[in-house]
Amino acid sequence: MSTEDRPPAPRSLAEALRARGDAALGTLLRSRPDLITPVPTDLTQLATRAGTRASVVRALERLDRFALQTAEALAVAADPAPYGELLGLMAGDDPDPAVVAALPHAVGLLREQALVWGDDDRLRLVRTARELLAPSPQHPSPTGLGPTVQEATAGMSPGRIQEIVTAAGLASTHDSVSAVTALAGLFTDRARMAALLADAPADSVEVLDRLVWGPPYGQVTHDPAPRLRWLLDRGLLLPTAPGTVVLPREVALHLRRGLAHRAPEPVPPVVEAAAVHRPQVVDSAAAGQAHTALATVEELLKDWDEGGPAVLRAGGLSVRDLKRTAVALDVPEPAAAFWVELAYAAGLIASDGEADERFAATPAYDEWREQPPAERWSRLVTAWLAATRTAGLVGGRDAKDRTLSALGPGLDRSAAPEVRHRVLALLAELPEGAAPAAGTVLARLRWERPLRGDRREDDPRGRLAEWALSEAEQLGVTGRGALSAQGRALLGAPPAPAPGPEGEPSGPGDKLPVHHHHRPAPLAPLSPAEQAVASAAAARLLAPLLPEPLDHVLLQADLTAVAPGPLQRPLADMLGVLADVESKGGATVYRFTPGSVRRALDAGQTASDLHAFLAAHSRTPVPQPLAYLIDDVARRHGHLRVGAASAYVRCDDDAVLSEILADKRAAGLGLRRLAPTVLAAQADPAGLLDGLRAMGFAPAAESAEGDVLITRALAHRTPPRAAPEPVPDGPPVPDDTLLAAALRAIRAGDLASTTPRKPGSAPAGNGELPRTGAAETLATMQAAVLTGEALWIGYVNAEGSASQRVIAPVRVEGGFVTAYDHTADEVRTYPLHRITGVAELADDAG
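Not measured: the values here are computed from a predicted model.

**What to know about the overall build of the protein**
Now for step 1: The number of helices and strands found in the protein is 33 helices and 25 strands.
Now for step 2: Long-range contacts, defined as pairs at least 24 residues apart, comprise 66% of the intrachain contacts of the protein with a sequence gap of at least 6.
Now for step 3: By element, 55% of the accessible surface of the protein is carried by carbon and sulfur atoms, the whole surface being about 40200 Å².

Here it is, written out as structure tokens:
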């Protein structure tokens, strides 16, 4: 394209945006959705919003390390800077081919994000980004560079400047401006600077070496040492405040051989495999973890079935209740916090909202229990992927130094879903069965979203990534550290890349590095509908790998039963009432005790029912000691009857009642004999039952009619509760429909605000609406109907929102104008009383 045919260079960001097509604008609005919340009236307002501090900070924080380094380099370059100067700052005097190859993409990304505008010969970083990234004493530059010679000498006396110029071997000038220019020219001339530094004392060069990569500031006394005096005399160090000197930017760049950064990072770190396992081993290990996860969540909810721990006044679980839950689940407290938060995120537990507020299972838990195991797992991992609540924070402190509790406030981290998804996506890029080295995953994430200023001491994304890796393993999304087939399906990922010759495993424990030098397109998060499909596919892959529930146990002579695997639900429920769990693992051991058998009898079972149940579900004969235990407890069960007097005890054997009265342990029950076979008590029936059982008796409760009351554990449920909504990380990314509508509105507003008007017809610019009287408005409209000309109008709708529009009137009658609205691209009717004014367009208006 010739110079004459080239479009004029944009003079502002608004003009640069105006030259973009809808596709490019759509890309900008998708990557920075805060720019259309709300939709700007025109492109000038869009450019203004893109330059606000909050929006620029958010955009900078989402850049990868090399793109951010490019922006930092532009902040210390001339404004505007030609592409060649930027390349010199990024690649130095000895260009790295990787930097040269990656820089155009980085500049394109900054342009796409509206952080940089202008042609390659005049690249401009938006003003707010320059202010954030440029060096200053209060905010050092991430590059470690200091101010330019011109900036550092701004308050220096003309005489002192001339002294420095002379000492540096330059001719004195007639003014300070030309002197500073000459000094800067010397410092940017590689040959002359090399000659100047060749004469420098060795200890002076050592001072420069300490300052060259930053920070560029140092302290001096009122009488500097000779090595410092040599540098100060020649302007290689310049005073900025009493006792403080700075290394000028031009000098530092010469010593750095032109580099703005010590180590440009154009290529992301490689995620390497620490071990490679056979895919079948990975999937089996993940399925085992998935089975354990389901069992743990069921155990948690069974423990809270009759009502869980109380809700703290500030919300959440107390430390004591979390410890008790950890003991019940036989897991460490951080793991208990994770399972509690996972059940909450899946909508399986919630607060019951009662006056004495407690946590309890929700009605959704009963529905969840009836689903096949793979579908139950799918629901848990889908909730985990999307949850912003972060269990790893439990036990830490918030900004007000308050302890963060499980199920309490302050645990939401809006970046958590994105980090989880990205961690799993990086695992999906490895060959099948490859487990990554955690350090390389964290290094890759830091490159993709570097911390501002490289502050590594507080790395929230790194902590989220570490928790994501651990939680994925606990849930069975990964097995032995590698992404399982069901985990890959959960992401909607394509089949795993085949391992190369270096990555061929010869056994399940092989540790071979797997290098990935290709950069596949990152997996994008799925929409809710896509995620539902992916979760169903993951469940189908997991289902065959989960153990089939068993319908039998192995009874043993020591009053135990061994379940060699998961049990069918009716069997597990009944066995949970009849026996106590003694140990868990690959096989669960249940122990029968008098208390557990009495519990089954209290639930309405008879001795014959229990014998028939055990005979039907045991692969071994029912041991005689167990049969004797059941018969013995059943014989004594209900021998004593407790009812309401406040409470009473009756028994056909008056000797038993005499024994109770004589027992010192019965003193607190307030017993007295009413009849030979009846005792009255001051305690309530429940307390009397507990007291007698503590004394070794086996009483049964009875109704007012004298019938035995069957007591069952009452499942406590909350009212219907929705799962907690994730806290969004900023405005949501607009969908195609919203984006098309926003672009149309912005273009329409821009057309109205930039269309040329006839001189003197109405005020224009700065979004000001035209103002004309009602008679003039009506006359202009009627004239436009006859001539077919387009007009510029100001319009206020029924909600009071003002806008500018370009219309071609077709008909004026009854207080309304019907016109073709160029900004909306359709025919509309407007009430004349809502039109603020009208202006004629210039004859050459497009």
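**A word on the side chain of T818**
Now for step 1: Residue placement: T818 occurs in strand β23 (residues 816-821).
Now for step 2: The exposure class assigned to T818 is buried, which follows from its relative accessible area of 13%.
Now for step 3: Within polar-contact distance, the side chain of T818 engages the side chain of T829 at 3.3 Å.
Now for step 4: Those residues in contact with T818, other than ones at most four positions away along the chain, are P809, V810, R811, V827, R828 and T829.

**Things to note about helix α17 (residues 319-329)**
Now for step 1: Of all the residues in α17, the buried ones are D321, L322, T325, A326 and L329. Taken end-on, α17 shows its buried residues confined to a sector of 140°, consistent with a single buried face. Opposite the buried face of α17, at more than 90 degrees from it, the exposed residues are V319, R320 and V327.
Now for step 2: Buried residues in α17 make contact with α16 (279-303) and α18 (333-345).
Now for step 3: D330, located one to two residues past α17, shows a positive phi value of around 60°.

**A short note on the packing of aromatic side chains**
Now for step 1: Under the definition given, this model contains 4 aromatic pairs.
Now for step 2: Where W304 meets F359, the ring centres are 6.3 Å apart and the plane angle is 25°; that geometry is what we call stacked. Here the residue W304 occupies a position in the loop between α16 and α17, and F359 occupies one in strand β8 (residues 359-361), the gap between them amounting to 55 residues.
Now for step 3: Residue classification places F359 among the buried residues on the basis of a relative accessible area of 5%.
Now for step 4: Measuring from centroid to centroid gives 6.2 Å for Y365 and W368, while their planes differ by 35°, and the two rings are tilted.

**A word on the pattern of salt bridges**
Now for step 1: One pass over the full model with this rule turns up 34 salt bridges.
Now for step 2: We note a salt bridge from R324 to D303, for which the minimum N-O separation is 3.3 Å. Here D303 lies in helix α16 and R324 lies in helix α17, a separation of 21 residues in the sequence.
Now for step 3: A relative accessible area of 38% places R324 in the partly exposed class.
Now for step 4: One salt bridge connects R636 with D632, and the closest N-O pair in it is separated by 3.9 Å. With R636 and D632 both in helix α29 (residues 624-636), this residue pair falls 4 residues apart, about one helical turn.
Now for step 5: Classification of R636 as partly exposed rests on a relative accessible area of 35%.
Now for step 6: Classification of D632 by relative accessible area gives partly exposed; the value is 30%.

**Describing the confidence of the model for the protein**
Now for step 1: Mean pLDDT for the protein: 85, with 89% of residues reaching 70 or above.
Now for step 2: The model gives residues 453-457 a pLDDT under 50, and that stretch makes 4 contacts with residues more than four places away or in other chains.
Now for step 3: Throughout residues 500-519 the model reports pLDDT below 50, and contacts reaching past four residues in sequence, or to other chains, amount to 46 contacts.

**So, helix α33 (residues 774-787)**
Now for step 1: Between its first and last C-alpha, α33 extends 20 Å over 14 residues, near the 20 Å set by a 1.5 Å rise per residue.
Now for step 2: Along α33, the residues that are buried comprise T777, T780, M781 and A784. The arc that holds every buried residue of α33, seen down its axis, measures 100°, which confines them to one face. Opposite the packed face of α33, turned more than 90 degrees from it, sit the exposed residues A775 and L786.
Now for step 3: Those residues of α33 that are buried are in contact with β21 (791-796), β22 (802-813), β23 and β25 (835-840).

**Quick notes on the sheet that holds strand β15 (residues 588-591)**
Strand pairing in a sheet is mediated by backbone hydrogen bonds. Such pairs are either parallel or antiparallel.
Now for step 1: One open sheet accounts for 4 strands, arranged β12-β13-β15-β14; its pairing is antiparallel. Every interior strand has two partners, whereas the edge strands, β12 (554-556) and β14 (580-583), have only one. On average, each strand axis in the sheet is tilted by 30° relative to the strand beside it, whichever way the strands run.
Now for step 2: Pairing between β12 and strand β13 (residues 560-563): 3 bridges, direction antiparallel. Pairing of L555 across the sheet is with A561, part of β13.

**Details of empty space enclosed by the protein**
Now for step 1: Applying the stated rule across the entire model yields 5 cavities of 30 Å³ or more.
Now for step 2: Size it by volume and the largest cavity reaches roughly 90 Å³.
Now for step 3: Broken down by secondary-structure element, the contributors of at least two residues to the lining of the largest cavity are α18 and α20 (373-386).
Now for step 4: It is α18 that contributes the most residues to the lining of the largest cavity, 4 residues altogether.
Now for step 5: The residue inventory of the lining of the largest cavity, partitioned by class, reads 7 nonpolar, 1 polar and 4 charged.

**Things to note about the pairing of strand β4 (residues 238-241)**
Now for step 1: Sheet topology note: the β4/strand β5 (residues 244-246) ladder contains 3 bridges and is antiparallel. Bridged to A241 within β5 is T244.
Now for step 2: Here β4 folds back onto β5 in antiparallel fashion, the turn holding 2 residues, of which G243 has a positive phi close to 85°.

**Looking at the packing of helix α21 (residues 416-428) against helix α23 (residues 460-475)**
In a pair of packed helices, the angle between the axes and the distance between the axes together describe the arrangement.
Now for step 1: Their axes nearest at 9 Å, the elements α21 and α23 cross at an angle of 60°. In terms of axis orientation, α21 runs oblique to α23. The hand of the α21/α23 crossing is right-handed. Residue-level inspection shows A416, E418, V419, R420, V423, L424 and L427 of α21 in contact with α23, the latter providing R461, L464, A465, A468, L469, E471 and A472.
Now for step 2: Partitioned by chemical class, the residues of the contact of α21 with α23 number 10 nonpolar, no polar and 4 charged.

**Concerning the sheet that holds strand β24 (residues 826-831)**
Now for step 1: Strands sit in the order β24-β23-β22-β21-β25 across an open sheet of 5 strands; the sheet is antiparallel. In this open sheet, the two strands that pair with only one neighbour each are β24 and β25. Direction aside, neighbouring strands of the sheet carry axes that sit 45° apart on average.
Now for step 2: Summarising the sheet, β23 and β24 pair through 6 bridges and their orientation is antiparallel. Note on β24: the bridge partner recorded for T818 is T829.
Now for step 3: Strands β21, β22, β23 and β25 of the sheet are contacted by α33, whose axis makes an angle of about 60° with β22.

Reading guide: rules and limits
- Residues numbered from 1 in each chain as written.
- Predicted model: local features only at pLDDT ≥ 70, side-chain atom pairs only at ≥ 80, totals over all residues.
- Heavy atoms only, no water.
- Helix = DSSP H or I, 4+ residues; strand = E, 2+ residues; numbered from the N terminus.
- Contact = heavy atoms within 4.5 Å.
- Areas by Shrake-Rupley, 256 points an atom, 1.4 Å probe, with all protein chains shown as cover.
- Buried < 20%, exposed > 50% of the residue type's maximum accessible area, 1.4 Å probe, protein only.
- Polar contact = N/O pair within 3.5 Å; in protein donor to acceptor, adjacent residues only side chain to side chain.
- Arc of directions from axis to C-beta.
- Phe/Tyr/Trp six-rings, centres within 6.5 Å; stacked < 30°, edge-to-face > 60°.
- Salt bridge = Lys/Arg side-chain N within 4 Å of Asp/Glu carboxyl O.
- pLDDT = per-residue confidence, 0-100.
- Expected span 1.5 Å × (residues − 1).
- Pairing = 2+ DSSP bridges.
- Axes fitted to C-alpha atoms, helices over the stretch in contact; angles between N-to-C directions.
- 1 Å grid on protein atoms, 1.4 Å probe; cavity = no way out; pocket = protein on both sides within 12 Å on 5 of 7 lines; lining within 4 Å.
- Points joined across faces, edges and corners; volume = space filled by probe spheres on them.
- Nonpolar A, V, L, I, M, F, W, Y, C, P; charged D, E, K, R; others polar.
- Parallel < 35°, antiparallel > 145°, perpendicular 65-115°, else oblique.
- Left-handed = near helix turned anticlockwise from the far one by under 90°.

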